[in-house]
Each structure stands twice: as C-alpha cells, then as structure tokens.
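# Observations on chain architecture
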Amino acid sequence: MLDCLIVGGGPAGLTGAVYLGRFRRSVRVIDAGASRASLIPTSHNYPGFPDGISGRELLLRLREQARRYGAALTAGNVDALQRMPDGMFRAQVGNESIAARTIILATGSMDVEPSLPNINDAIRSGLIRHCPICDGYEVIDKQVAIIGRGMKGVNEARFLRHYTDKLTLFTLGTPHEIGDSDRTSLQQCGIVIVDESLAEVCTQEGAIVGLQTRSGTIYRFDTLYSALGCRVRSDLARTLGAACDGVGQIIVDDRLRTTVPGVYAAGDVANDLNQIAVGAGHAAIAATGIHNLLRMGTVLQPGP
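Conventions and cut-offs
- Residues numbered from 1 in each chain as written.
- Predicted model: local features only at pLDDT ≥ 70, side-chain atom pairs only at ≥ 80, totals over all residues.
- Heavy atoms only, no water.
- Patch = residues over 30% accessible without salt bridge, like charges linked within 9 Å, V, L, I, M, F, W, Y side chains within 5 Å.
- Areas by Shrake-Rupley, 256 points an atom, 1.4 Å probe, with all protein chains shown as cover.
- Salt bridge = Lys/Arg side-chain N within 4 Å of Asp/Glu carboxyl O.
- Helix = DSSP H or I, 4+ residues; strand = E, 2+ residues; numbered from the N terminus.
- Axes fitted to C-alpha atoms, helices over the stretch in contact; angles between N-to-C directions.
- Parallel < 35°, antiparallel > 145°, perpendicular 65-115°, else oblique.
- Left-handed = near helix turned anticlockwise from the far one by under 90°.
- Contact = heavy atoms within 4.5 Å.
- Nonpolar A, V, L, I, M, F, W, Y, C, P; charged D, E, K, R; others polar.
- Disulfide = S-S within 2.5 Å.
- Expected span 1.5 Å × (residues − 1).
- Buried < 20%, exposed > 50% of the residue type's maximum accessible area, 1.4 Å probe, protein only.
- Core = buried A, V, L, I, M, F, W, Y, C linked by side-chain atoms within 4.5 Å.
- Pairing = 2+ DSSP bridges.
- Arc of directions from axis to C-beta.

This next bit is on a nonpolar patch on the surface. Taken together, the side chains of I133, F159 and L273 define a hydrophobic patch exposed on the protein surface, amounting to about 240 Å² of accessible area. Tracing the backbone shows F159 in helix α5 (residues 150–160).

Put simply, α5 and helix α6 (residues 180–188) touch, their axes get as near as 11 Å, and they point 25° apart. Overall, the two elements α5 and α6 adopt an arrangement that is roughly parallel. Pair α5 / α6 crosses with left-handed handedness. Across from M151, V154, A157 and R158 in α5, the residues of α6 making contact are D182, S185 and L186. For the contact of α5 with α6, the residue count by class is 4 nonpolar, 1 polar and 2 charged.

To continue, consider the packing of helix α1 (residues 11–22) against helix α8 (residues 276–296). Running from amino to carboxyl end, α1 crosses α8 at an angle of 35°, the nearest separation of the two axes being 8 Å. Seen from above, α1 lies across α8 with right-handed handedness. Here α1 contributes P11, A12, T15, G16, Y19 and L20 to the contact with α8, which in turn contributes I276, G279, A280, A283, A284, A287, T288 and I290. For the contact of α1 with α8, a count of residues per class yields 10 nonpolar, 4 polar and no charged.

A separate point is the state of the cysteines. As used in these notes, a disulfide is a covalent bond between sulfur atoms, one from each of two cysteines. Per the counting criterion, the structure on display carries 0 disulfides. Between C230, a free cysteine, and C131, which holds the nearest cysteine sulfur, the sulfur-to-sulfur gap is 9.3 Å.

So, on to α1. In this model α1 runs 17 Å from its N-terminal to its C-terminal C-alpha over 12 residues, within 8% of the 16 Å that 1.5 Å per residue would give. Every buried residue belonging to α1 is among P11, A12, G13, L14, T15, G16, A17, V18, L20 and G21, and all of these are buried. In this structure, the buried residues of α1 make contact with β1 (2–7), β2 (27–31), α2 (55–68), β3 (72–75), β6 (96–105) and α8. Immediately downstream of α1, the backbone of R24 shows phi near 65°, a positive value.

A few words on the side chain of R25. Within the element layout of this structure, R25 appears in the loop between α1 and β2. A residue is classified by how much of its surface remains accessible, and R25, at 18% relative accessible area, is buried. Residues in contact with R25, not counting those within four places in the same chain, are D3, L20, H291, L294 and R295.

With 25 residues, the main nonpolar core has L5, V78, L81, I103, L105, I250 and V263 as its most contacted residues. Considering each element in turn, this core owes the most residues, 4 residues, to β6. With residues near it in sequence (within four places) discarded, V263 still touches F89, I103, L105, L240, L256, R257 and T258. Of all hydrophobic cores here, the second largest spans 19 residues; its members include I6, I104, Y264 and A287.

For the rest of this paragraph, the subject is the sheet that holds strand β11 (residues 192–194). Strand order in this open sheet of 5 strands is β8-β15-β9-β10-β11, and the pairing throughout is parallel. Each having just a single partner strand, β8 (128–129) and β11 make up the two edges of the open sheet. Packed onto the sheet, α5 meets β9 (144–147), β10 (167–170) and β15 (223–226) and runs at close to 160° relative to β9.

Within the span of α5, buried status applies to G150, G153, V154, E156, A157 and L160. In an axial view of α5, the angular spread of the buried residues amounts to 165°, which keeps them on one side of the axis. In the core, the buried residues of α5 are packed alongside α4 (132–135), β9, β10, α6 and β15.

This brings us to unusual backbone geometry. In this structure, L172 is a non-glycine residue whose phi angle is positive, near 60°. Tracing the backbone through its elements, the reader meets L172 in the loop between β10 and α6. Its identity is not glycine, yet L256 carries a phi of approximately 70°, on the positive side. For L256, the location among the structural elements is in the loop between α7 (235–240) and β17 (263–265).

In structure tokens:
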C-alpha cells in the first residue's frame with residue numbers, strides 16, 4: 001500500500017515525488033512520457049536557470065532528484081483508477097494493480113496542434129510556440145505569425161503586441177468568429193488579419209519559414225504561435241467522480257484537493273496558466289497536505 005500514487009511524470013508530478021520522498025513517504029510515479037515540457041527547447045523563465053534550461057534536461061534532473069529520495073518511477077499508463085469501499089485507491093497499470101492511500105493527478109493537458117509537417121521538431125526548434133507568457137521575450141521585434149480562431153487568436157495577438165508590432169493573425173477561414181470591434185482594435189494596433197484558409201506550408205531546408213494562403217500570397221515569419229487551445233487530460237478524474245469545469249480542468253481548493261477525498265490535482269490539469277513554476281508550486285502544496293493528512297491520521301476530506 002503506497003502512501004501516494006502520482007499519475008503524470010511532468011514537472012508537477014515529479015516535484016510532488018521529490019517532496020513526498022523527502023517526507024519519507026512511499027510514493028510511485030506513473031509516467032506516460034507525454035509531458036509537454038519535453039518539447040520545450042529552452043525555458044528562460046523557470047527560476048534558477050539564468051541561461052535557460054531545456055524541458056528534457058529539467059525532466060532528467062527532476063527524475064534523478066525524485067529517485068534520490070526513494071520515489072519509484074514507472075513508465076506506463078494508468079488504464080483504470082477507482083476508489084475502494086475502505087476509502088483507499090486502486091490503479092490498473094497494464095497487468096499490475098497498485099494500491100495507494102492518496103492520489104495526485106498531474107496528468108496535464110495537450111496542445112491542439114495546427115496541421116503542419118514535422119510539428120514536434122518545429123516545436124523543439126522554437127519555430128512553433130504555444131506560450132507567450134513563457135517565451136514572448138524571445139520574439140521581441142521579430143516577425144510573428146499567429147494561428148488562432150475567435151477570441152483565442154484575438155487574445156494571443158493582443159498579448160504578443162507587447163513584444164512586437166510585426167504580427168499577422170491567421171483565422172483559418174473563420175472571419176465571422178471575430179467581432180467588428182475586436183477586428184478594428186487589432187488593426188489599429190497594426191496587426192494584420194488574414195481570413196483566407198491556408199493552402200500550403202513553406203519550408204526551406206526542412207524548416208517552416210512561411211504560410212501560403214489559397215490566393216497564393218506567401219507570408220514569411222520568424223516564429224509561429226499556435227493559439228488553438230488545449231485538451232485537458234482529466235478523464236481519470238472524471239471516472240473517480242471529481243468535479244471539473246466547463247473546459248475539463250479539475251476543480252480544486254487552495255490546498256489542491258479535488259472533490260474526491262484523498263485525491264489532489266496539480267499543474268496544467270488544475271490551472272490554465274500552464275507554467276512549470278505553477279505546477280511545481282501546486283505539487284509542493286499538495287504533497288505537504290498529503291504528508292500532514294497521513295501524519296495526523298486525519299479522516300480524508302474532499303476539497304471544494
């Protein structure tokens with residue numbers, strides 16, 4: 001019987017494992033190997049790395065740190081998760097059944113990607129980006145294209161306008177999804193809006209360098225931002241009966257407790273800011289709460 005089973009091996013899940021290991025708790029992480037952090041070429045806004053650190057390197061360091069304090073890391077998927085009549089939990093991972101007193105769901109979310117060639121390579125090279133909060137600083141005064149429909153595209157363009165005035169928003173042939181007042185405000189800021197559908201991706205030496213519309217116009221840029229949204233990985237939470245909001249994010253309280261007693265959630269699955277630092281902070285709070293819960297023998301209570 002584990003003290004805690006952590007589902008998800010990204011920064012949030014691994015930070016939770018570090019904390020619980022140092023609390024001398026038995027903890028196991030099930031990692032499907034799909035953390036968005038693995039695609040980050042270099043993060044410059046994670047504290048303590050003034051020269052930046054790649055997502056892969058950060059994950060390697062966190063895995064080593066978690067193992068150092070006794071956490072078990074297992075590659076695989078949690079196929080089923082249920083709460084037992086005695087309040088404990090049982091997870092099915094392949095042919096193995098795992099029992100745990102508490103759960104941290106750190107399953108994250110996945111970006112809705114544009115239909116472009118070699119998408120993961122383009123993300124790792126920094127050509128395609130998703131988070132101007134993380135890396136808007138890196139595109140100061142550069143030519144930036146944004147792919148986005150409706151308010152997602154509008155808001156991304158407005159945010160990036162703080163860094164560069166060389167912006168083109170591609171609405172993918174959906175002009176009706178942007179209202180007249182929003183369209184006017186973007187144009188007044190010098191943002192070019194292209195309502196045509198895309199016909200072709202322009203590449204050079206295997207790298208994406210531009211987009212061509214159906215009329216044949218080619219737009220070249222230094223960086224492309226995808227503002228197509230995310231899909232939250234909250235299916236396991238739903239099977240347990242945990243409450244989720246309209247976009248699928250798990251509802252938690254200030255201690256990161258879900259509505260199911262003994263189940264906590266951390267990182268992108270519970271917050272739409274989608275920052276590594278936020279996920280790490282979530283995990284620290286959740287792990288400390290779990291340790292105190294088990295230390296005091298407190299009856300498990302639900303969150304919000």
